[in-house]
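Observations on the three-dimensional arrangement
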Amino acid sequence: MKVEKLHMRCLINGEWRDARSGSTFDVRNPATNELIATAPLLDREQVEEAISSANAAFPAWRDLPARERARMLRAIGDSLQRRSEEFAQLITREQGKPLAESRGEVAYSVNYLHWFAEEAMRVCGDIIPSDSPQKRILVLKQPIGVAAAITPWNFPIAMLARKMGAALAAGCTFIAKPAPETPLSALLLGELCQEAKIPSGAVNIITGDAAMIGAALMASPFVKKVSFTGSTEVGKLLIQQSADTVKKLTLELGGNAPFIVLDDADLDRAIDGAIFGKYRNAGQTCICVNRFLVHESFAQEFSERLVERAKGLVVGNGLEEKTAIGPLINDQARDKVVGLLNSAASDGATFLCGEGARQATSRFVEPCVITGVKPSMRIWNEEIFGPVSTITTFSSDAEAISLANNTPYGLAAYVYSSNLNRALRTAELLDFGMVGINDTAISNAQAPFGGVKQSGFGREGSKYGVDDYTVLKYLSVA
């Protein structure tokens, strides 16, 4: 794979640029620690150049017919589809997830680009009846301006496609700052933008010191919107930094997803959903199941079946086709998971499998299933971000709902029941932005993705995701 020409440079105002100082940072395969590439450590002045170029490009991009913006977005999606295997291999090398999951992420990204290409032609306002026959009330949806995205390492291309697609469809110009662990697929996407003839400055992709770039984006009066996916701690910092310029924010932050198994659930479906919802990407997704809440009448059978399936998951290098669980992203991620496991053991939790993970010294952590987890435990209250299933039992629907809502986070939740009315009633009482009913594969381009409480605000994907890159203008016509 020829990657050097892209991985050494950032895209600013239609040009591929090195850091002015020549400084770079290493990008390594988390499975092997192999040095894959280096990326530029831009300085503050270069970040300001990217912002200025996006600001200068905005009027022309805003005024471009929606059909033209749609055509370019579709062209990016088509190119990504054609080069899907190249992107999938690169994602696995820089992020570590199994190759099958990387292929799925690329397909997911293509869906976003194609979806927003269609939505570009449907950014519609309203004509509202007036109480005066001499007046007309018009409401326009207009692009907010320069939009910036700070994307995470766990879905390096999908999160970028979701944010970029919506911004460009709405008529905004765009600046992307990918995670330092996984900048390569983002930089490669820049090549597809150029192939699609996106005008210079309309898309900029920059890498470097996260704190410096974040501060520059938040301080700039030209950047009108920032979309961030990452930790709640950083999200709170961005809220504070947005105050001086009163930026519009979309924040998709931490999660603590409950998975409720009611006493009438189809256990086959529940176990299938549990495996996908917990162990995908080694448990490193914001909507991964964090807490299994299982009716006491099902607890033993559910636990035994979950252990059996978990033990069959192969842990290894994501480039090997047999691998089901890849490495954690870095040593710090492993240390956090190990710390949570040891804390749970000290607090009286019982390991049904995976107890050896308590002594893990590599990034390859075996899948664990733990019972006897209580709300007082650290592992209940923190986002695990690892291949660890925790099980807590309940005796009534009301208790399950109370346990599920016992968290400051509110991103995703899951309910399994064979009674649709019962499942819907339960879902309506859960304080989460998204609820899967007999389903853990809830992410798709057509649906609004986002949370409540300390999991953030705003929505991505769907027609609502486009709205978050627009402002309303009211015209009173006499």
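In this report, the structure presented in the accompanying data block is examined. Everything numeric here is computed off the predicted structure, so don't read it as measured data. (Residues numbered from 1 in each chain as written. Predicted model: local features only at pLDDT ≥ 70, side-chain atom pairs only at ≥ 80, totals over all residues. Heavy atoms only, no water.)

Turning our eyes to something else, we now look at the layout of surface pockets. Volume-wise, the largest pocket comes out at about 980 Å³. Considering the residues around the largest pocket, the lining is formed by 41 residues, among which Trp153, Phe228, Gly230, Ser231 and Val234 are closest to the centre. Secondary structure elements with two or more residues in the lining of the largest pocket: helix H8 (210-219), strand E10 (223-229), helix H9 (232-241) and helix H12 (331-346). A per-class count over the lining of the largest pocket returns 21 nonpolar, 13 polar and seven charged. Estimates place the volume of the second largest pocket at around 350 Å³. For the lining of the second largest pocket, the secondary structure elements donating two or more residues are helix H5 (99-119) and helix H6 (158-170). For the lining of the second largest pocket, the element with the most residues is H5, which contributes five residues. In terms of residue class, the lining of the second largest pocket is made up of nine nonpolar, eight polar and six charged. (1 Å grid on protein atoms, 1.4 Å probe; cavity = no way out; pocket = protein on both sides within 12 Å on 5 of 7 lines; lining within 4 Å. Points joined across faces, edges and corners; volume = space filled by probe spheres on them. Helix = DSSP H or I, 4+ residues; strand = E, 2+ residues; numbered from the N terminus. Nonpolar A, V, L, I, M, F, W, Y, C, P; charged D, E, K, R; others polar.)

Turning to the environment of alanine 196, a few remarks are in order. Here alanine 196 lies in the loop between helix H7 (184-195) and strand E9 (203-205). Take alanine 196: its relative accessible area is 6%, and that puts it in the buried class. For the pair alanine 196 and leucine 73, spaced 123 residues apart in sequence, the C-alpha to C-alpha distance is 7.7 Å. (Buried < 20%, exposed > 50% of the residue type's maximum accessible area, 1.4 Å probe, protein only.)

Right, let's get into the pattern of salt bridges. Counted according to the given criterion, the structure contains 34 salt bridges. With a shortest N-O distance of 2.6 Å, arginine 83 and glutamate 191 are connected by a salt bridge. Separated by 108 residues along the polypeptide, arginine 83 in the loop between helix H3 (66-82) and helix H4 (84-95) and glutamate 191 in helix H7 bring together distant segments of the chain. In this structure, the salt-bridge partner of glutamate 460 is lysine 163, at a minimum N-O distance of 2.7 Å. Of the two residues, glutamate 460 is situated in the loop between strand E21 (456-457) and helix H16 (462-467) and lysine 163 in helix H6; the sequence distance between them amounts to 297 residues. (Salt bridge = Lys/Arg side-chain N within 4 Å of Asp/Glu carboxyl O.)

Moving on: the nonpolar core. Membership of the largest hydrophobic core comes to 71 residues, with the highest contact counts inside it found for Phe259, Ile260, Ile287, Phe292, Phe302, Leu306 and Ile379. In this structure phenylalanine 259 touches Ala270, Gly273, Ala274, Val289, Arg291, Phe292, Leu293, Phe302, Tyr414, Tyr416 and Thr440, once residues within four positions along its chain are discounted. In terms of nonpolar packing, the next biggest core, distinct from the first, is built from 58 residues, Leu113, Ala167, Cys193 and Val203 among them. (Core = buried A, V, L, I, M, F, W, Y, C linked by side-chain atoms within 4.5 Å. Contact = heavy atoms within 4.5 Å.)

Turning next to H4. Along its 12 residues, H4 runs 16 Å from first to last C-alpha, staying within 8% of the 16 Å computed at 1.5 Å per residue. Phi for glycine 96, located one or two positions after H4, is positive at around 100°. (Expected span 1.5 Å × (residues − 1).)

Let's shift gears to the environment of arginine 280. Note on placement: arginine 280 falls in the loop between helix H10 (267-279) and strand E13 (289-295). The spatial distance from the C-alpha of arginine 280 to the C-alpha of glycine 386 is 9.6 Å, given a sequence separation of 106 residues. Apart from the residues lying within four places of it in its own chain, the contact partners of arginine 280 are Glu101, Phe155, Ile275, Thr285, Ile287 and Cys288.

Let's shift gears to the packing of H4 against H7. Running from N to C, H4 and H7 point in directions that differ by 155°, and their axes come no closer than 9 Å. With respect to each other, H4 and H7 are oriented roughly antiparallel. Residue-level inspection shows Glu86, Phe87, Leu90, Ile91 and Glu94 of H4 in contact with H7, the latter providing Leu184, Ser185, Leu188, Leu189 and Leu192. Across the contact of H4 with H7, the residue classes tally to seven nonpolar, one polar and two charged. (Axes fitted to C-alpha atoms, helices over the stretch in contact; angles between N-to-C directions. Parallel < 35°, antiparallel > 145°, perpendicular 65-115°, else oblique.)

According to the stated counting rule, one finds eight aromatic pairs in the structure shown. Pairing tyrosine 112 with phenylalanine 116 gives two aromatic rings, centres 6.2 Å apart and planes at 15°, and the pair type is stacked. Here the residue tyrosine 112 and the residue phenylalanine 116 both occupy positions in helix H5, the gap between them amounting to four residues, near one helical turn. Its relative accessible area of 0% is what places tyrosine 112 among the buried residues. Looking at phenylalanine 116, the relative accessible area reads 0%, which means it is buried. Between phenylalanine 259 and phenylalanine 302, the ring centres sit 6.5 Å apart and the planes meet at 40°, which makes this aromatic pair tilted. (Phe/Tyr/Trp six-rings, centres within 6.5 Å; stacked < 30°, edge-to-face > 60°.)

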